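Analysis of the macromolecular model
Here are the chains, one letter per residue:
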Amino acid sequence: MIRLVAVILISAGLCSCGVNRPSTDIKQVVVDSLPAVPDAWSNAVESVGDVRVGWIERIGDPVLAELAREAQTGNRNLQAAARNVERSWALAEQAGAGLSQTVTLVSEAEQGGFIKTGDSQESLSLGLQAGMELDVWGRIRAGTAVAALSAQSAEADYVFSQNSLAAAVARAYFLVIESNHQVEVAQKTVDALTETNRIVHALKDTGLASSQEVALSRSDLANAESVLAAAKGAQRNALRALEVLIGRYPSTELNVRSTLPSVPPLPPAGLPSALLERRPDIVAAERSVAAAFNRVKQARVAQMPRISLTGSIGGASSDLSNFLNPANAVWQAASSLLVPLIDGGLGRAEVEQASAEQKQAIAVYAQTVLDAFIEVENSLDQNAVLHDRVVSLHQAADDANHALRIAQLQYNEGETDLLDVLSIQRRVFSTEADLARIERARLDEWIGLNLALGGSWQNVP
């Protein structure tokens with residue numbers, strides 16, 4: 001045993017130059033990978049207050065809230081992500097098992113003899129074997145930390161997937177409502193152009209319209225019918241997409257409300273620096289960086305000697321009645337030392353690989369943070385832009401409807417013809433379609449802002 005200890009100490013001295021490195025503050029490394037973070041968002045009108053959770057409920061639509069909850073259990077991609085979390089923690093448990101000793105029950109039975117004489121002999125043995133590796137330099141602990149940190153990263157990614165799914169359901173839901181409205185507008189346009197076509201044909205019969213005008217009228221109607229067919233197809237596609245998102249068969253039988261909900265006020269945006277600790281995908285990237293640091297440590301200490309202890313106790317006998325006789329019991333203890341000497345550069349290459357993966361993880365983290373920052377800044381900006389566009393389109397719709405009312409009064413007084421009235425009416429329909437698209441875009445952007453800020457889609461107790 002004294003010789004064994006001496007060999008271990010000598011080996012440790014020879015290898016320590018490649019392992020003893022100053023510890024690195026991982027948090028400082030990830031902070032240093034980022035540009036200077038401002039104290040407030042550039043486009044935030046109001047940033048005071050904590051980021052809110054439960055943003056699906058704040059829409060005030062019970063149907064949407066129920067669909068979002070259904071998706072959390074019915075969406076297959078989210079189910080796969082949940083299983084990945086379970087798998088990651090199982091791998092962490094496997095990695096941690098290396099720190100415990102193993103105990104194995106060993107049983108053997110043999111029989112043999114001489115062919116010529118027919119004599120035979122039986123032998124039975126039963127024993128326990130125990131063994132463990134002494135994690136002197138922390139190789140197993142580093143591997144366990146890698147697995148645990150990877151599981152934490154997968155867990156954070158899963159939380160972000162839950163939030164992203166809720167946002168996707170909301171956007172798909174809004175698209176279905178808007179597509180229903182677009183079908184209504186397209187149908188009204190077809191009805192108006194059908195009436196226009198009838199009038200133009202009547203005027204042609206009386207000599208007040210040319211064949212060219214008749215052809216243009218038919219062309220306008222055919223185009224409008226094409227738009228209506230496309231709108232109905234888009235409506236069915238939107239329904240099927242929403243149904244699959246929540247885990248149902250795409251049968252286009254889902255019922256939704258007839259109008260888009262109102263856009264809630266913008267949530268408090270909080271501080272940019274707080275986003276680093278709140279948003280799940282950033283947390284996942286930071287955990288991956290920590291795991292990468294431990295992989296480097298694991299690769300370095302893998303070049304150190306490995307010390308294992310084993311022991312066994314058992315008995316053997318050719319007679320079952322004497323099997324448990326203490327005289328047949330034996331024990332054995334052993335230790336082993338494995339010292340890497342020449343590996344063709346494998347150990348060095350593994351350290352270099354782990355170091356490269358560490359730098360890659362830091363770069364991925366920094367890019368994840370920058371992507372999150374731009375998502376918040378863009379969303380804050382676009383929420384303001386869309387608000388202004390909605391105001392302008394509401395004004396345009398009011399003016400178009402006012403012009404239509406005047407044209408209808410003039411038509412009733414005989415001061416204008418029906419074609420002028422129908423032309424203004426089509427402009428009203430076009431404005432309605434544009435307004436519905438912008439209203440949906442505004443809801444989508446409101447959802448996107450809440451997702452970008454990292455708040456949970458549901459109220460967490």
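Bear in mind the structure is a predicted one, so any value in this text is a computation, not a measurement.

If you tally the helices and strands in the protein chain, you get 11 helices and 4 strands. Here the protein chain holds 461 residues, and 38% of them are scored as buried. Only carbon and sulfur atoms are counted for the fraction: they give 54% of the accessible area of the protein chain, which is about 26,000 Å².

A few words now on the nonpolar core. Judged by nonpolar contacts, the single largest core of 35 residues is most densely connected at Trp55, Ile56, Leu64, Val169, Phe174, Leu242 and Ile447. Among the elements of the structure, α3 (55–58), α4 (62–74), α5 (76–96), α6 (139–205), α7 (211–245) and α11 (418–453) are those that each provide at least two residues to this core. The element that contributes the greatest number of residues to this core is α6, accounting for 13 residues. Those residues in contact with isoleucine 56 that sit more than four places away from it in its chain are Leu64, Ala65, Ala68, Ala166, Ala170, Ile447 and Trp457. Formed by 24 residues, the second largest nonpolar core is a distinct cluster that contains Trp41, Leu276, Ala292 and Ile362.

A few words on the environment of glutamate 66. With respect to the helices and strands, glutamate 66 occurs in helix α4. As a C-alpha pair, glutamate 66 and isoleucine 56 span 10 residues in sequence and 9.8 Å in three-dimensional space.

Turning our eyes to something else, we now look at α6. For α6, with 67 residues, the first-to-last C-alpha span of 95 Å sits near the 99 Å given by 1.5 Å per residue. Following α6 by one or two positions, glycine 207 has its phi on the positive side, about 85°.

Between helix α10 (residues 346–412) and α11, whose axes approach to 8 Å, the crossing angle comes to 160°. Compared by their axis directions, α10 and α11 come out roughly antiparallel. By crossing handedness, the relation of α10 to α11 is classed as left-handed. Partitioned by chemical class, the residues of the contact of α10 with α11 number 23 nonpolar, 10 polar and 6 charged.

With that settled, consider a nonpolar patch on the surface. On the surface, Val103, Leu105, Leu126, Leu128, Ile313 and Trp331 cluster together into a nonpolar patch covering about 670 Å² of accessible area. Going through the elements one at a time, β1 (102–113) and β2 (120–134) are the ones with two or more residues in the nonpolar patch. Position of leucine 126 among the secondary structure elements: in strand β2.

Working note: α-helix, 3.6 residues per turn, so residues spaced by three or four point in the same direction. For α10, spanning 67 residues, the distance from its first C-alpha to its last is 92 Å, which sits close to the expected 99 Å at 1.5 Å a residue. Phi turns positive one or two residues past the end of α10, at glycine 414, with a value near 80°.

What follows covers the confidence of the model for the protein chain. Averaged over all residues, the pLDDT of the protein chain equals 86, while 89% of them reach at least 70. Across the protein chain, the element-wise mean pLDDT spans from 47 in helix α1 (residues 2–15) up to 96 in α4. Residue range residues 4–23 is modelled with pLDDT below 50. Its contacts to residues more than four positions away, or to other chains, number 21 contacts.

Another point: the environment of aspartate 420. Assignment of secondary structure puts aspartate 420 in helix α11. Accessibility expressed as a relative area gives 39% for aspartate 420, which makes it partly exposed. Along the backbone, aspartate 420 and alanine 407 are 13 residues apart, and their C-alpha atoms lie at a distance of 7.5 Å. A distance of 2.9 Å separates polar atoms of two side chains, one belonging to aspartate 420 and the other to threonine 416.

Despite not being glycine, threonine 252 has its phi angle at roughly 55°, a positive value. Following the sequence through the fold, threonine 252 ends up in the loop between α7 and α8 (272–278).

For the coordinates displayed, the defined rule picks out 2 aromatic pairs. Residues tryptophan 41 and phenylalanine 373 carry aromatic rings whose centres are separated by 5.9 Å and whose planes lie at 70° to one another, so their mutual orientation is edge-to-face. Of this pair, tryptophan 41 sits in the loop between α2 (26–32) and α3 while phenylalanine 373 sits in helix α10; the two residues are 332 residues apart in sequence, bridging distant segments of the chain. Like tryptophan 41, the residue phenylalanine 373 is buried in the burial classification.

We now examine the pattern of salt bridges. Counted by the stated rule, this structure contains 14 salt bridges. Across the pair aspartate 61 and arginine 257 runs a salt bridge whose closest N-O atoms are separated by 3.5 Å. You can see aspartate 61 sitting in the loop between α3 and α4 and its partner arginine 257 sitting in the loop between α7 and α8, a full 196 residues away along the chain. Assessed through its relative accessible area of 5%, aspartate 61 is described here as buried. Given the relative accessible area of 30%, arginine 257 is considered partly exposed. Where glutamate 375 meets arginine 279, a salt bridge forms, and the shortest distance between an N and an O atom there is 2.8 Å.

Reading guide: rules and limits
Residues numbered from 1 in each chain as written. Predicted model: local features only at pLDDT ≥ 70, side-chain atom pairs only at ≥ 80, totals over all residues. Heavy atoms only, no water. Helix = DSSP H or I, 4+ residues; strand = E, 2+ residues; numbered from the N terminus. Buried < 20%, exposed > 50% of the residue type's maximum accessible area, 1.4 Å probe, protein only. Areas by Shrake-Rupley, 256 points an atom, 1.4 Å probe, with all protein chains shown as cover. Core = buried A, V, L, I, M, F, W, Y, C linked by side-chain atoms within 4.5 Å. Contact = heavy atoms within 4.5 Å. Expected span 1.5 Å × (residues − 1). Axes fitted to C-alpha atoms, helices over the stretch in contact; angles between N-to-C directions. Parallel < 35°, antiparallel > 145°, perpendicular 65-115°, else oblique. Left-handed = near helix turned anticlockwise from the far one by under 90°. Nonpolar A, V, L, I, M, F, W, Y, C, P; charged D, E, K, R; others polar. Patch = residues over 30% accessible without salt bridge, like charges linked within 9 Å, V, L, I, M, F, W, Y side chains within 5 Å. Salt bridge = Lys/Arg side-chain N within 4 Å of Asp/Glu carboxyl O. pLDDT = per-residue confidence, 0-100. Polar contact = N/O pair within 3.5 Å; in protein donor to acceptor, adjacent residues only side chain to side chain. Phe/Tyr/Trp six-rings, centres within 6.5 Å; stacked < 30°, edge-to-face > 60°.

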